[in-house]
Amino acid sequence: MTERETDVVCREVGLRDGIQSLKTFVPTSEKIRWIREEAAAGMPNMQVCSFVPPKLLPQFSDAAEVAAAALEVNGLWVSALTPNLKGAEAALKVGVHEIDFMNSVSESHSLSNGRRSTEQAFAEFERVRDLRDSQPEGKRFKLAAGFATSFGCSIEGYVPQKNVLKAVERFVGAGVDEVMIADTVGYGNPRDVKQLFSRIIAEFGDDVLVGAHFHDTRGLGLANVYAALEAGCRRFDASLAGLGGCPFAPNATGNIVMEDLVFLLEGAGLNTGIDLEKLLQVREIIARNLPDEPLHGTYKKAGAPKGFPFASAA
């Protein structure tokens, strides 16, 4: 299948990044309800789980069941995160449309997050790529690589853009289908975001899809979205109610809020295909199952401005 046609693609990552480190287990039936209701609100793409050992992240002990249920939702593009070949094989068995490979630009974060060097991570990626290529043409999953800490690392500090470009070049050369540039710990600012995305899209945009994954650690998440947008990026991750954060990166708070992202994009005249008011209703599932977790979002607090969505400026 292919993703729904829109001006810009939003991807919900709350079911993976949003809940991965929470001690409270969200019941499988409620995860599936979340997927179905958000898809009904028009969400075209969802990263629904991570295929990892349950002892590491118990939240995903039901990954296969959740992913299988997501695949039954008509029109929904289903992706899952995997850190290695074993996880990819499990995801392939379920039949997800896209496998997202976990990778980091920062050596320290790679060792902390994945317990392996960047060289070891790349070697593992090649094994996942070979798994994809071993499938019959027309039945191969899309393979994406996420580049965590693309703007900075809370262990190492600033990450030079040349390091990101070198890493992306290597993965593109190895046959990745999409690259997701991630500001894992909120070090990015609009100037650097626009510059880096402009360079990546100019150098690799003809060969791969380029997406963005921003966190709002220091309040610049949506500003960084707009900077990436101006650079030509049209694919963005976010989490309903702003849930999430990397459990292995110090001081990494939640993802940008999906509702606020959709409001920004629709206000900029871009069609996301998402019904904002229906999207807000899905928050009730989170509130019911995670009553102790803070729910974020300025659109939820203030509501739509009078006359929204606005007509394009003359």
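Here the structure is a predicted model, which means the values were calculated and not measured.

**With respect to empty space enclosed by the protein**
- Applying the stated criterion to the full structure yields five cavities of 30 Å³ or more.
- Volume-wise, the largest cavity comes out at about 60 Å³.
- Together, Met102, Asn103, Ser104, His109, Ser110, Asn113, Gly114, Arg116 and Ala121 line the largest cavity.
- Ranked by residue count, the leading element in the lining of the largest cavity is helix α5 (residues 107–114), at four residues.

**Quick notes on the sheet that holds strand β3 (residues 77–82)**
- Spatially, β1-β2-β3-β4-β5-β8-β9-β10 is the arrangement adopted by the eight strands of the closed barrel, whose pairing is parallel. The mean inter-strand angle of the sheet, taken between neighbouring strand axes irrespective of direction, is 25°.
- Sheet analysis places strand β1 (residues 9–12) next to strand β10 (residues 235–238), joined by four bridges and oriented parallel. By the bridge assignment, Glu12 is partnered in β10 with Ala238.
- The sheet contacts of helix α2 (residues 28–40) involve β1 and β2 (45–50), and relative to β2 the element is tilted by about 170°.
- Relative to β1, helix α10 (residues 258–267) is tilted by about 175°, and along the sheet it contacts β1 and β10.

Each value, and the rule that gives it
- Residues numbered from 1 in each chain as written.
- Predicted model: local features only at pLDDT ≥ 70, side-chain atom pairs only at ≥ 80, totals over all residues.
- Heavy atoms only, no water.
- 1 Å grid on protein atoms, 1.4 Å probe; cavity = no way out; pocket = protein on both sides within 12 Å on 5 of 7 lines; lining within 4 Å.
- Points joined across faces, edges and corners; volume = space filled by probe spheres on them.
- Helix = DSSP H or I, 4+ residues; strand = E, 2+ residues; numbered from the N terminus.
- Pairing = 2+ DSSP bridges.
- Axes fitted to C-alpha atoms, helices over the stretch in contact; angles between N-to-C directions.
- Contact = heavy atoms within 4.5 Å.

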